[in-house]
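Below, each chain spelled out in residue letters.
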Amino acid sequence: SQQGEEDPQALSIQEGENATMNCSYKTSINNLQWYRQNSGRGLVHLILIRSNEREKHSGRLRVTLDTSKKSSSLLITASRAADTASYFCALLSGTYKYIFGTGTRLKVLA
Amino acid sequence: NAGVTQTPKFRVLKTGQSMTLLCAQDMNHEYMYWYRQDPGMGLRLIHYSVGEGTTAKGEVPDGYNVSRLKKQNFLLGLESAAPSQTSVYFCASSLTLRGSSGNTIYFGEGSWLTVV
């Protein structure tokens, strides 16, 4: 399966701490995106990293991509209670559709 | 500023009944998708469309049909609902996916379907 697999499945941290979640995949990719899903809502795009990029920043978010290891990580710095959500990686792998991973459930405790 | 709109938001069906989920986008996007989300399974692609009048199967197409008669609308049909189709359904759209640049996928708010 091309599906990305996030790790860990669940993560609980204190407000102000950093949260790191990982996505591993099995095939070559064109790009990889990260999405956030608040409980009971649709997914919202966070950041896209292309296969020829190694690192990308957006505000408190930092995404890295290691194509040799077929993995990506999402770092949220100085987390806030509002960051509590599920986070998904999505892979575009040479076809006209994205495949989503199983997600990491992040809980930030105030 | 509607984006992607799904209807209905909640529905309870009896086994064997049929229904259609409606998805509309106002961003002039070429690509549209239907996903289902189940606990522990993440999002799985049911069907997708790369343009008006086209449809294609995703990962889990069995038991579903789709139509894209107008560019802005993508309909998901359940001809004979089964309890295994109890899920949250998400419609999504994107401008295009060609090339390595990719494009943001915009999601609707979801449709909760229970089949009893």
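For the structure given in this document, a descriptive report is provided here. Note that the coordinates shown come from a computational prediction; the quantities given were computed from them, not determined experimentally. (Residues numbered from 1 in each chain as written. Chains lettered and ligands numbered in written order. Predicted model: local features only at pLDDT ≥ 70, side-chain atom pairs only at ≥ 80, totals over all residues. Heavy atoms only, no water.)

1. Comments concerning the sheet that holds strand 7 (residues 61-66) of chain A
Residue and element names in this part refer to chain A.
- If you trace the 5 strands from one edge of the open sheet to the other, you get 1-3-8-7-6, paired in antiparallel fashion. Two strands bound the open sheet, and with one partner strand each, they are strand 1 (5-7) and strand 6 (55-58). Averaged over neighbouring strand pairs, the angle between their axes works out to 20 degrees when direction is ignored.
- Where strand 7 and strand 8 (residues 71-76) come together, 6 bridges link them in antiparallel fashion. Paired with Arg62 across the strands is Leu75, a residue of strand 8. (Pairing = 2+ DSSP bridges. Helix = DSSP H or I, 4+ residues; strand = E, 2+ residues; numbered from the N terminus. Axes fitted to C-alpha atoms, helices over the stretch in contact; angles between N-to-C directions.)

2. Notes on the pairing of strand 4 (residues 31-38) of chain B
Residues and elements named next belong to chain B.
- With 8 of 8 residues buried, strand 4 is to be regarded as a mostly interior element.
- Taking every second residue as pointing to the same face, both faces of strand 4 are buried, with Tyr31, Tyr33, Tyr35 and Gln37 on one and Met32, Trp34, Arg36 and Asp38 on the other.
- Sheet topology places strand 4 next to strand 9 (residues 87-94); 7 bridges connect them, and they run antiparallel. Of the residues in strand 9, the one forming a bridge with Met32 is Ser93.
- What sits between the antiparallel neighbours strand 4 and strand 5 (residues 42-49) is a turn of 3 residues, in which Gly40 has the positive phi angle 75 degrees. (Buried < 20%, exposed > 50% of the residue type's maximum accessible area, 1.4 Å probe, protein only.)

3. Digging into the pairing of strand 1 (residues 4-7) of chain B
All names here are of chain B.
- Residues Val4 and Gln6 point to one face of strand 1 and are all buried, whereas Thr5 and Thr7, pointing to the other face, are not buried.
- Direction of pairing for strand 1 relative to strand 3 (residues 19-25): antiparallel, over a ladder of 4 bridges. What sits directly across from Val4, in strand 3, is Gln25.

4. Quick word on the pattern of salt bridges
- For the coordinates displayed, the defined rule picks out 8 salt bridges over all chains.
- Glu53 of chain A is the salt-bridge partner of Arg50 of chain A, the closest N and O atoms lying 3.9 Å from each other.
- Here Arg50 of chain A falls in the partly exposed class, since its relative accessible area comes to 29%.
- With a closest N to O distance of 2.9 Å, Arg44 of chain B and Asp38 of chain B form a salt bridge. Comparing Arg44 of chain B with Asp38 of chain B, the two get one shared label, buried. (Salt bridge = Lys/Arg side-chain N within 4 Å of Asp/Glu carboxyl O.)

5. Focus on the state of the cysteines
All names here are of chain A.
- This model, assessed by the stated rule, comprises 2 disulfides over all chains.
- Bridging Cys23 to Cys89, the disulfide has an S-S length of 2.1 Å. Across the S-S bond linking Cys23 and Cys89, the dihedral sits near 65 degrees, which makes this disulfide right-handed. With Cys23 in strand 3 (residues 19-24) and Cys89 in strand 9 (residues 85-92), the pair connects residues that are 66 residues apart, well separated along the chain. (Disulfide = S-S within 2.5 Å.)

6. A few points about the nonpolar core
- Residues Met21, Leu32, Trp34, Leu74, Ile76, Tyr87 and Leu106 of chain A are the most contacted members of the largest nonpolar core, which totals 22 residues.
- Looking at this core, the elements with two or more residues in it are strand 3, strand 4 (31-37), strand 5 (43-50), strand 7, strand 8, strand 9 and strand 11 (104-109) of chain A.
- Looking at this core, the element that brings in the most residues is strand 9 of chain A, giving 4 residues.
- For Leu32 of chain A, the contacting residues outside a window of four places in its chain are Cys23, Tyr25, Ile47, Leu48, Ile49, Leu65, Ser72, Cys89, Ala90 and Leu91 of chain A.
- By size, the runner-up hydrophobic cluster in this structure holds 19 residues, among which are Phe88 and Tyr98 of chain A together with Tyr35 and Phe107 of chain B. (Core = buried A, V, L, I, M, F, W, Y, C linked by side-chain atoms within 4.5 Å. Contact = heavy atoms within 4.5 Å.)

Function cannot be inferred from these measures alone, as they are strictly geometric.
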